[in-house]
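# What the coordinates show
The lines below spell out each chain.
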Amino acid sequence: MRQVMVAGNWKMNGSSDSVKELMAGINAGMGSVTKAEVVVCPPAVYIARVSDAADGTAIKVGSQNICDQDKGAFTGELSGEMLKDVGCEYAIIGHSERRALYAETDDLVAKRFAAARRNGIKPLFCIGETLAEREAGVTNDVCARQIDAVIALEGVEALADGVIAYEPVWAIGTGKVATPEQAQEVHAFIRAKIANLSADVAQGLRILYGGSMNPGNAAELIGQPDIDGGLIGGASLKAEDFLAICMAAE
């Protein structure tokens, strides 16, 4: 049985005071969360602060990115060793904003995936199509291409060390949400594709939905057979909303 995961991506939001308040709010409600694995991914400058606040709780901490290199002259990058040192267990890899705004290619994303594994960090690997790609009917092709880049570099067994987040780009931060049936269809395709190479990996792999999940739709989305939780954006910035999504797993 795959454990539901609810991961909060805080993106470029927060301050020392707001981080303290948000973590206090999440901590206060964690006693009611018994089934979901809960992960928070703050901006890099607040990772250590969040790790301290999560210490002694069930909350896991992740980063929003990771360098594909382990050390050296890579100004502005953060290595897996550094992230591990400040308490990260997860790293978001290949988020659509990184792909679209900062030109991260499938090959670079695959190298970041490899770097995370190499450093004992679990990749939270994002894939998904734009609105134009969905309207062109190539959703499955796009997702397959993005997954294939990781498989080509690391092998299908490597996916067992991470989590996939399917994020239809057209539903991120727009308020638009794929219907549970639309989301399930893509999740089922992803699992079937991987099952063609390894049934065991496919069966154990958690695939999250990452397109504007909120307290109002979380239960129906998570209730789909191949949706194992959510990668949460805006709703993760409010403790009450984030905890309500966590409770959808109950």
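Just above sits the structure.
Structure report, in brief. (Residues numbered from 1 in each chain as written. Predicted model: local features only at pLDDT ≥ 70, side-chain atom pairs only at ≥ 80, totals over all residues. Heavy atoms only, no water.)

## Observations concerning the packing of aromatic side chains
- Inspection of the entire model under this criterion finds two aromatic pairs.
- When the centroid spacing of 5.6 Å and the interplanar angle of 80° are considered together, the rings of Phe113 and Phe125 count as edge-to-face. Separated by 12 residues along the polypeptide, Phe113 in helix H5 (residues 106–118) and Phe125 in strand E5 (residues 122–127) bring together distant segments of the chain. As far as the burial class goes, Phe113 and Phe125 line up, both buried. (Phe/Tyr/Trp six-rings, centres within 6.5 Å; stacked < 30°, edge-to-face > 60°. Helix = DSSP H or I, 4+ residues; strand = E, 2+ residues; numbered from the N terminus. Buried < 20%, exposed > 50% of the residue type's maximum accessible area, 1.4 Å probe, protein only.)

## A look at the environment of Ala244
- Inspection of the secondary structure assignment puts Ala244 in helix H11 (residues 239–247).
- A sequence separation of 215 residues divides Ala244 from Gly29, and the C-alpha atoms of the two residues are 9.4 Å apart.

## Notes on the pairing of E5
- The element E5 is largely enclosed, with a buried count of five among its six residues.
- Note that strand E4 (residues 90–93) and E5 share four bridges and pair parallel. Counterpart to Ile92 in the pairing with E5 is Leu124.
- Both E5 and strand E6 (residues 163–166) contribute to a ladder of four bridges, which runs parallel. Each bridged residue has a counterpart across the sheet, and for Ile127 the counterpart in E6 is Tyr166. (Pairing = 2+ DSSP bridges.)

## Points about the nonpolar core
- Ranked by size, the top nonpolar core spans 65 residues in total, and within it Ile26, Phe125, Leu159, Ile164, Ile190, Ile194 and Tyr209 carry the most contacts.
- Those residues in contact with Ile26, other than ones at most four positions away along the chain, are Val40, Ile59, Ala239, Phe242 and Leu243.
- Within the second largest apolar cluster, 12 residues are counted, among which are Tyr90, Leu124, Cys126 and Val163. (Core = buried A, V, L, I, M, F, W, Y, C linked by side-chain atoms within 4.5 Å. Contact = heavy atoms within 4.5 Å.)

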